[in-house]
Protein chains: 2
Amino acid sequence: MEFKEAKNKFVQTWGALGSQWGINKTMAQIHALLMVSNEAVSMEDIMEELQISRGNASMNLRALMDWGIVYKEYKAGERKEFFTAEKDLDELAVKISRERSKREIKPALKILKEVSTIEAKDSAEEKHFVDQTSKLYDFVLKADNMLDKMTEFNENWLGRLVMKIMK
Amino acid sequence: MEFKEAKNKFVQTWGALGSQWGINKTMAQIHALLMVSNEAVSMEDIMEELQISRGNASMNLRALMDWGIVYKEYKAGERKEFFTAEKDLDELAVKISRERSKREIKPALKILKEVSTIEAKDSAEEKHFVDQTSKLYDFVLKADNMLDKMTEFNENWLGRLVMKIMK
DNA sequence: AATAACTTTCAATTATTTTTGAAAGTTTAA
DNA sequence: TTAAACTTTCAAAAATAATTGAAAGTTATT
């Protein structure tokens, strides 16, 4: 496989993966493209490589910057803007999980707390509801914290040890 | 908040969360409904509660069974089928992550391996591509394994200890 | 201050995904 | 074996999400 083909395959794959995880395809593709570029890329070049419109490029670049995983860069003497992606994967993971936690998990937790604390009458149905949603609240809270600590854990020596023990 | 309202709120929230994570809304809603039901529910009742068509209910129940997180049940004397959800959350998490790993991560890893092993010419561009995709391959592989081990880890005493240390 | 070089915005269009509902299929009971 | 009680399938319709492109906005240069 030659370089151009490999690059294209990577961008397509990353885009597909993104859309399966609730991130729009173009956004994931732009990110993929920037990740494997060794230097900052202009909007013009992004449009060209991905065959997308100016508006599309602009909006998705904005979204990526809001997520904190793509940065703007200015080149001396050049008028236009260039973009680079966060390339440190641990950093990337932290930012993505923080952002999704903030946008999606935290609000869901709030609702879970609300619904799990209604006063259950003595019906088995209501008791089960409260029990199950409470468990879910605890579980999601724990998973959320864990994600947040994952990288930290991953780099932690004791963590590595535990990891090894668990094969 | 009264029970019915709480139940509805829960189902809606879980549905919204699902669609943000690449699972269709109805599928997540059916799952939510079954999770908080203390007894098996018929297709008729699911249709009624969620206000969805028979076809929709049928297809999404099938999908949930394919994921291994919803089961069919038969009641003595009753002709129709009833459904229940996996209610053990650790089990649920394991099944979901196994399934997503199998369907999405593993195929992506295969591509990542392919593209990261092209022969890079001496251009910095190609070198960077190979370097970055290789790192990504390792990272995704590690994260995938970690997810698989998460529950196990969560229940693990040493894990709990590490968890505490990390506050 | 006018113009050129660029970026952003957003209503309209297009593409994708989900949902419907009725016909076809299946199973059980009489 | 027929009919009733169900479930599944899938083409068409509806709903949702992404994309376009041109006008409006911004910033730098002369």
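Every chain is numbered independently, its residues counted from 1 as its sequence is written. Starting at A for chains and at 1 for ligands, labels are handed out in the order in which the entities are written. The predicted nature of this model means local features are confined to residues of pLDDT at least 70 and side-chain atom pairs, given and counted, to a pLDDT of 80 or more, with totals for whole chains, interfaces and linings taken over all residues. Only hydrogens and water are set aside; all other atoms, that is, all heavy atoms of the structure, feed into the side-chain values.

A. Looking closely at unusual backbone geometry. Residues and elements named next belong to chain A. For Gln-51, which is not glycine, the phi dihedral falls at a positive 55 degrees. Take Gln-51: it is sitting in the loop between helix 3 (43–50) and helix 4 (54–66). Looking at Gln-51, the relative accessible area reads 63%, which means it is exposed. Working definition: helices are DSSP H or I runs of at least four residues, strands are E runs of at least two. Numbering for both runs from the N terminus. Burial classes follow relative accessibility: with a 1.4 Å probe on protein chains only, a residue under 20% of its type's maximum area counts as buried, one over 50% as exposed, and anything between as partly exposed.

B. How the structure looks around the protein's contact with DNA strand D. One heavy atom suffices: a residue is near a molecule or strand as soon as one of its heavy atoms comes within 4 Å of it. Around DNA strand D sit 17 residues in total, of which Thr-26, Ser-53 and Asn-56 of chain A together with Ser-58 and Arg-79 of chain B are the nearest. Considering the 4 Å shell around the protein, atoms of DNA strand D inside it are sugar or phosphate in 61% of instances. Within the side chain of Ser-58 of chain B, a nitrogen or oxygen atom sits 3.0 Å from a phosphate oxygen of DNA strand D. Under this definition, polar contacts are N or O atom pairs within 3.5 Å; protein pairs additionally need one hydrogen-donor-capable and one acceptor-capable atom, and for neighbouring residues in sequence, both atoms have to be side-chain atoms. Taking Arg-79 of chain B, its side chain carries an N or O atom lying 3.4 Å from a base nitrogen of DNA strand D. Listing elements by their share of the surface near DNA strand D, those giving two or more residues are helix 4 of chain A together with helix 4 (54–66) of chain B. Note on residue categories: nonpolar means Ala, Val, Leu, Ile, Met, Phe, Trp, Tyr, Cys or Pro, charged means Asp, Glu, Lys or Arg, and polar means any other residue, Gly included. Looking at side-chain class alone, the surface near DNA strand D contains three nonpolar, eight polar and six charged residues.

C. Structural detail: the pairing of strand 3 (residues 81–85) of chain B. Residue and element names in this part refer to chain B. With four of its five residues buried, strand 3 lies for the most part within the structure. Direction of pairing for strand 1 (residues 41–42) relative to strand 3: antiparallel, over a ladder of two bridges. Looking at the pairing, Ser-42 lines up with Phe-82 of strand 3. Note: two strands are recorded as paired if DSSP finds a minimum of 2 bridges between them. Here strand 2 (residues 70–74) runs beside strand 3; their pairing, made up of five bridges, is antiparallel. The residue bridging Val-70 from the neighbouring strand is Ala-85, located in strand 3. Linking strand 2 to strand 3, which pair antiparallel, is a turn of six residues; within it Gly-77 sits at a positive phi near 85 degrees.

D. Seen up close, the packing of helix 2 (residues 25–35) of chain B against helix 4 of chain B. All names here are of chain B. Axis definition: a line fitted to C-alpha atoms, limited for helices to the stretch in contact. Angles are taken between N-to-C directions and run from 0 to 180 degrees. The interhelical angle for the contact between helix 2 and helix 4, taken along N-to-C directions, is 75 degrees, at an axis separation of 9 Å. The orientation of helix 2 with respect to helix 4, classified from their angle, is roughly perpendicular. Taken together, the residues of helix 4 that come into contact with helix 2 (itself represented by Thr-26, Met-27, Ile-30, His-31 and Leu-34) are Asn-56, Ala-57, Asn-60, Leu-61, Ala-63 and Leu-64. The residue makeup of the contact of helix 2 with helix 4, split by class, is seven nonpolar, four polar and no charged. An angle below 35 degrees is treated as roughly parallel, one above 145 as roughly antiparallel, one from 65 to 115 as roughly perpendicular, and anything else as oblique. Should any heavy atoms of two residues lie within 4.5 Å, those residues are considered in contact.

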